[in-house]
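# Results of the structural survey
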Amino acid sequence: RIDFGGTSPPPSSSIMTSFQQVFSLFFFLVLAFSNAFAPRAVGRRADTRCFIVKKYAGGPVNSLTDLHRAMRSITKDNFDTRVQEIEGFMKEKAGQSSYTKGMKRLKKYAKSFAKTLPEGYCKEAKATAKKRAAIKARVEEFIQAKQEAAEAAAAAAAEPEAEAGEAAE
């Protein structure tokens, strides 16, 4: 028997202390308000639809989904036909990101199958029109600056000859 120095003995185990009461209250409140064990909200049903990924059977590529399916279905045997099917979409409808990613993937497939893309494949794509126009403008500006510099050099070279001709007369 333990002597508590004249004080009352500790509370018996059948009576909960105030700490135990607060803790159990907190635990049950958390459990009651948590959604982890609760069913979904009323009125919202779980999605029961089955999503079936369709295989790309070939044909024209009209959407980004068709483009992804066509890319996934490329094999060594059908590489050339898939490249032709994809070309129309890549030229007309593909945006900058899908064009860039698609061309990278096609080049990767071509390399892995030991094949090559046709020369100039999708070079006139709508997605690259702005970039091509900017490059063309810079090239024309550079050529014009070179021509003006050449004309100025020719004019500078012609002046001393003209002065020398006047002095000789």
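Quick note: structure is the one above.
Presented here is a report on the structure given in the accompanying data block. All chains use their own residue numbering, which begins from 1 and follows the written sequence. Local features in this predicted model are restricted to residues of pLDDT 70 or higher, and side-chain atom pairs are both shown and tallied only at a pLDDT of 80 or more, whereas totals for entire chains, interfaces and linings draw on every residue. As a rule here, side-chain values cover all heavy atoms of the structure and leave hydrogens and water aside.

## A word on the pattern of salt bridges
Any Lys or Arg side-chain nitrogen located within 4 Å of an Asp or Glu carboxyl oxygen qualifies as a salt bridge. Following the criterion strictly, the structure yields 4 salt bridges and no others. Between R82 and E85 there is a salt bridge, and its shortest N-O distance comes to 3.3 Å. Of this pair, R82 and E85 both sit in helix α3 (residues 79-92), separated by 3 residues, roughly a single helical turn. You can call R82 buried: its relative accessible area is 10%. Residues K91 and E87 are paired through a salt bridge, measuring 3.5 Å at the closest nitrogen-oxygen approach. Note that K91 and E87 are positioned in helix α3 at a spacing of 4 residues, about one turn of the helix. Residue classification places K91 among the partly exposed positions, given a relative accessible area of 28%. Between buried and exposed lies partly exposed: a residue is buried under 20% and exposed over 50% of the maximum accessible area for its type, with that area taken using a 1.4 Å probe on protein chains only. Using a relative accessible area of 23% as the deciding quantity, one classes E87 as partly exposed. In this description a helix means any DSSP run of H or I spanning at least four residues, a strand means any run of E spanning at least two, and both kinds are numbered starting from the N terminus.

## Quick look at unusual backbone geometry
For A114, which is not glycine, the phi torsion reads 60° and is therefore positive. In this fold, A114 is placed in the loop between α4 (96-112) and α5 (129-168). Unlike most non-glycine residues, C122 shows phi in positive territory, near 60°. Within the fold, C122 resides in the loop between α4 and α5. For C122, a relative accessible area of 0% translates into the label buried.

## Quick word on the nonpolar core
Residue types Ala, Val, Leu, Ile, Met, Phe, Trp, Tyr and Cys, when buried and joined through side-chain atoms within 4.5 Å, form a set referred to as a nonpolar core. Among the nonpolar cores identified, the biggest contains 22 residues, and I86 and L106 are the most heavily contacted of them. Elements supplying a minimum of two residues to this core: α2 (64-72), α3 and α4. Here L106 is in contact with M71, I74, F79, V83, I86, L117 and Y121, once residues within four sequence places are set aside. Residues count as neighbours in contact if any of their non-hydrogen atoms are within 4.5 Å of one another.

## Some remarks on the side chain of N78
With respect to the secondary-structure elements, N78 resides in the loop between α2 and α3. Think of a polar contact as two N or O atoms within 3.5 Å of one another; within protein, one of them needs to be a possible hydrogen donor and the other a possible acceptor, and neighboring residues in sequence only count if both atoms come from side chains. A polar contact of 3.1 Å, which involves the side chain of N78, links it to the backbone oxygen of S73.

## Structural notes on a positive patch on the surface
On the surface, K101, K104, R105 and K108 cluster together into a patch of positive charge. The class for R105 is partly exposed, based on a relative accessible area of 36%. Here a patch means residues that are over 30% exposed by relative accessible area and free of salt bridges, tied together within 9 Å if like-charged and within 5 Å if nonpolar (Val, Leu, Ile, Met, Phe, Trp, Tyr). Areas reported here follow the Shrake-Rupley algorithm with a probe of radius 1.4 Å; residue values treat only the protein chains shown as occluding. By the counting rule applied here, Lys and Arg register as positive and Asp and Glu as negative, while His and the ends of each chain are not counted. Every charge is mapped to an atom, namely NZ of Lys, CZ of Arg, CG of Asp or CD of Glu.

## Description of a nonpolar patch on the surface
A grouping of F19, F23, F27, F28 and L31 is seen on the molecular surface, where their side chains present a nonpolar patch of about 580 Å² in accessible area. As for its placement among the helices and strands, F28 is situated in helix α1 (residues 18-33). Exposure remark for F28: the relative accessible area of 52% places this residue in the exposed category.

## What about α2?
Within α2, the full set of buried residues consists of D66, L67, R69, A70 and M71. Along its buried surface, α2 packs onto α3 and α4.

## Brief notes about the environment of K126
In this structure, K126 sits in the loop between α4 and α5. Residue K126 is classed as exposed on the basis of its relative accessible area, which comes to 59%. Distance from K126 to E92, taken between C-alpha atoms, is 5.6 Å for residues 34 residues apart in sequence. Aside from chain neighbours lying at most four places away, what touches K126 is K91 and E92.

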